Amino acid sequence: MTDGKKPDTMKPDIAKWVDEASQAIGLPIAEEYRANVILNVERSLAIVQPLLAVELDKELTPLPVYRP
Amino acid sequence: MTDILSKQATAADIARSVSSGKVKASAVIEATLKRIAAAEPTVNAFTDIVADRARRRAIQIDAGQHRGPLSGVPFAVKNLFDIEGLPTRAGSKINLDGPKARRDGALVRKLEAAGAILVGGLNMGEYAYDFTGENAHYGPSRNPHDPTRMTGGSSGGSGAAVASGEVPLALGSDTNGSIRVPSSLCGLFGLKPTYGRLSRAGSFPFVDAFDHLGPLARSTKDLALSFDAMQGWDPADPACTDRPADMTVLSLEEGIGGLRIAIAGDYFAKGGEPEAFEAVATVAKALGATRTVVLPDAAAARAAAYVITAMEGAQLHLERLKTRPQDFDGDTRERFMAGALLPGIWYVKAQRFRRRFRTHVLKLFEEVDIVLAPATPCSAPKLGQTMMTIGGVELAVRANLGLFTQPISFIGLPVVAVPTRVQGAMPIGVQVIAKPHNEQAALRVSAWLEKQGVCISSPA
């Protein structure tokens, strides 16, 4: 890899993701809903990119809300 | 002189007239119910009308009971607020099979304690996962300024009811923009208070981390009157602040002197139609604001808000998605399902980033008091429209009407959405954003813009 692009093998297979993750959490997805769920996971993957691109300090934790 | 029984009357007008005895609360309610009956076939704002209850309450007010700063003011609430004796729909069909509310939501009780009169529950996007105001079960709420167009959502019925003049005041909820988007598209003033400022007890949740409740109205004073009446700690909502209430009505006439006002640049200056930025420029010019500030990483803030919303919302509805998927609105079902399948590391990173974004934005508010930003990237799209082209890029309407509101509610800042309108065009709003717990500053700016005639809201 010399051009900085991800090889195709790194591109997630969203359909497989939807099928396996839904099975793992016990959420049946009927065939008539499946294509739109895949579309929405694809959209989420696109929308989340600016967040994934941000580098955070290792020490940064979420704001604490739990109070014993 | 406004006719108190007309659709032009504001909450403040009505309260003044009822308190002084110039008009009976019962007459106000009868006129309101008549207006609702006339407007509903067009705007479809209401899902429940509690006429008998409203009439009984009006009689009690006319007899001298329940008097307060909102005496005799009719109001309605998004149907995710509990209304005693009714199922809390939250825009869904599924919840109709749930229990009927045993008592009103906290804010309904507070408004009624101040003399206001509940007249009904309002249409909304299913489970508040919506920016359009459309609903497959109950039909879309329609924009009173052009019924072929969206109200915006998810508090679509709240926008339609106030913009049509059915009621002068409505409550909505705002998780990612659901008060500010319909305020913008319907030409209203809307207040999304600081996170935790108003109790959410007795309302159906969506995303606990971001859920806010607040009012929509046709005047700043009505926002302030209702906001003041609703403030106060409530142990029934763990997020509700125990800070003392900051009363805002009396400060509305203070003007904008001493306020440092800036315009949000970068992320908030692109990705919208020209009308969105022209609205900001109009408001900024009137306020004499020239400085531009940058909320760093706002695109990441929007992404993080999206991820937290998708994942918390999916968790909330997982059981219903498993057992009754066919009973969801098709426009929310697959988005909720997709949210259930996203990786946990996204959620944790979003929460970590939230802390950093908050730190950076609070630092910015050491230098300014108010930041102006567009409320929506465009004015009201057509009903049923699923895609829109903004700046030559085709975008999904549902995911993107909240582009400019999401980064702000992400960290719980108070915002007043103020309306602007060019003659012959649909209205579009501007966000007047303040630092946490400084609703007063945003309301002062809104009141000043209204007084100058820059931001006016008239019923359709």
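These numbers come from a predicted model, not from an experiment.

A. Geometry of the overall build of chain B. Assigned secondary structure in chain B consists of 14 helices and 13 strands. Scaling as 2.2 N^0.38, a compact globule of 460 residues should have a C-alpha radius of gyration of about 23 Å, and chain B matches this with 20 Å. Principal-axis analysis of the C-alpha atoms gives chain B an extent of 60 × 55 × 45 Å. Buried residues in chain B amount to 66% of all 460 residues.

B. How the structure looks around the overall build of chain A. Secondary structure summary: chain A contains 3 helices and 0 strands in total. Helices and strands appear in chain A in the N-to-C order α-α-α. Within chain A, the proportion of its 68 residues that are buried is 29%. With an accessible surface of roughly 5200 Å², chain A has 55% of that area assigned to carbon and sulfur atoms.

C. Geometry of the interface of chain A and chain B. Of the residues lining the interface, 32 residues belong to chain A; the matching set on chain B comes to 34 residues. Taken over both partners, the interface formed by chain A and chain B buries close to 3000 Å², and the fraction arising from carbon and sulfur atoms is 73%. When the area that chain A buries against chain B is broken down by residue, the three leading residues are Tyr 33, Ile 47 and Leu 51 of chain A, summing to 22%. Joining chain A to chain B, the criterion identifies 0 salt bridges. If you look at where chain A meets chain B, you find 12 residue pairs in polar contact (both at pLDDT 80 or more). Looking at the side of chain A that touches chain B, the elements that each hand over two or more residues are helix H1 (14-24), helix H2 (31-47) and helix H3 (49-53) of chain A. Element by element, the count of residues in the side of chain A that touches chain B is highest for H2 of chain A, at 9 residues. When grouped by side-chain class, the residues that make up the side of chain A that touches chain B number 22 nonpolar, 6 polar and 4 charged.

D. Structural detail: the environment of Val 18 of chain A. With respect to the helices and strands, the residue Val 18 of chain A is situated in helix H1. As a C-alpha pair, Val 18 of chain A and Val 41 of chain A span 23 residues in sequence and 7.9 Å in three-dimensional space. Residues within four places of Val 18 of chain A in sequence aside, it is in contact with Ile 29, Val 37, Ile 38 and Val 41 of chain A together with Leu 341 of chain B.

E. Representation of the packing of helix H8 (residues 274-287) of chain B against helix H14 (residues 439-451) of chain B in the model. All names here are of chain B. Between H8 and H14, the shortest axis-to-axis distance is 11 Å and the interhelical angle comes to 90 degrees. The angle between the axes of H8 and H14 places the two elements in the roughly perpendicular class. In contact with Val 283, Ala 286 and Leu 287 of H8, H14 contributes Val 445, Trp 448 and Leu 449. Taken together, the residues of the contact of H8 with H14 break down into 6 nonpolar, no polar and no charged.

F. Local environment of the confidence of the model for chain B. Residues and elements named next belong to chain B. Across chain B, the average pLDDT comes to 97, with 100% of residues at 70 or higher. Per-element mean pLDDT across chain B ranges from 86 in helix H12 (residues 397-400) up to 99 in strand S2 (residues 74-78). Scored as a whole, the predicted complex attains pTM 0.96, and scored at its interfaces, ipTM 0.91.

G. Representation of the packing of aromatic side chains. All names here are of chain B. Scanning all chains against the criterion turns up 16 aromatic pairs over all chains. Summarising the aromatic geometry, the rings of Tyr 127 and Phe 328 are spaced 5.8 Å apart at their centres and angled 55 degrees between planes, so their arrangement reads as tilted. Separated by 201 residues along the polypeptide, Tyr 127 in the loop between strand S3 (117-122) and helix H5 (156-163) and Phe 328 in the loop between helix H9 (298-323) and helix H10 (330-339) bring together distant segments of the chain. Residues Tyr 127 and Phe 328 agree in their burial class; the two are buried. Residues Phe 353 and Phe 357 carry aromatic rings whose centres are separated by 5.8 Å and whose planes lie at 25 degrees to one another, so their mutual orientation is stacked. Of this pair, Phe 353 and Phe 357 both sit in helix H11 (residues 344-364), 4 residues apart, which is roughly one turn of the helix. Since its relative accessible area comes to 1%, Phe 353 is described here as buried. Across from the ring centre of Tyr 129, 4.1 Å away, lies the NZ or CZ of Arg 335, which sits over that ring. Between the NZ or CZ atom of Arg 354 and the centre of the ring of Phe 410, over which it lies, the distance is 5.9 Å.

H. Quick peek at H14 of chain B. All names here are of chain B. Relative to the 18 Å expected for 13 residues at 1.5 Å per residue, H14 spans 18 Å between its end C-alpha atoms, a close match to the ideal helical length. Within H14, burial applies to Glu 439, Ala 441, Ala 442, Leu 443, Arg 444, Val 445, Ser 446, Ala 447 and Leu 449. Immediately downstream of H14, the backbone of Gly 453 shows phi near 80 degrees, a positive value.

I. Quick look at the pairing of strand S7 (residues 261-264) of chain B. Residue and element names in this part refer to chain B. For S7 and strand S9 (residues 370-374), the ladder comprises 3 bridges, and the chain directions are parallel. Considered in S9, the bridge of Ile 263 is made with Leu 372. Bridge count between S7 and strand S8 (residues 292-293): 2 bridges; the pairing is parallel. Across the sheet, Ala 264 pairs through a bridge with Val 293, a residue of S8. Considered for its hand, the β-α-β crossover made up of S7, H8 and S8 is right-handed.

J. Representation of the packing of H1 of chain A against H2 of chain A within the structure. All names here are of chain A. Closest axis-to-axis distance for the H1/H2 pair is 9 Å, and the angle between their directions is 110 degrees. By the angle between their directions, the pair H1 and H2 is classed as roughly perpendicular. Read as a crossing pair, H1 and H2 show a hand that is right-handed. Here Ile 14, Ala 15, Trp 17, Val 18 and Asp 19 of H1 come into contact with H2, specifically with Arg 34, Val 37, Ile 38, Val 41, Glu 42 and Leu 45. Grouping the constituent residues of the contact of H1 with H2 by class yields 8 nonpolar, no polar and 3 charged.

What counts, and where the lines are drawn
- Residues numbered from 1 in each chain as written.
- Chains lettered and ligands numbered in written order.
- Predicted model: local features only at pLDDT ≥ 70, side-chain atom pairs only at ≥ 80, totals over all residues.
- Heavy atoms only, no water.
- Helix = DSSP H or I, 4+ residues; strand = E, 2+ residues; numbered from the N terminus.
- Rg over C-alpha atoms; globule rule 2.2 N^0.38 Å.
- Buried < 20%, exposed > 50% of the residue type's maximum accessible area, 1.4 Å probe, protein only.
- Areas by Shrake-Rupley, 256 points an atom, 1.4 Å probe, with all protein chains shown as cover.
- Contact = heavy atoms within 4.5 Å.
- Buried area = accessible area lost by both parts, 1.4 Å probe.
- Salt bridge = Lys/Arg side-chain N within 4 Å of Asp/Glu carboxyl O.
- Polar contact = N/O pair within 3.5 Å; in protein donor to acceptor, adjacent residues only side chain to side chain.
- Nonpolar A, V, L, I, M, F, W, Y, C, P; charged D, E, K, R; others polar.
- Axes fitted to C-alpha atoms, helices over the stretch in contact; angles between N-to-C directions.
- Parallel < 35°, antiparallel > 145°, perpendicular 65-115°, else oblique.
- pLDDT = per-residue confidence, 0-100.
- Phe/Tyr/Trp six-rings, centres within 6.5 Å; stacked < 30°, edge-to-face > 60°.
- Lys NZ or Arg CZ within 6 Å of the ring centre and 35° of its normal.
- Expected span 1.5 Å × (residues − 1).
- Pairing = 2+ DSSP bridges.
- Right-handed = clockwise from strand over helix to strand, strands pointing away.
- Left-handed = near helix turned anticlockwise from the far one by under 90°.

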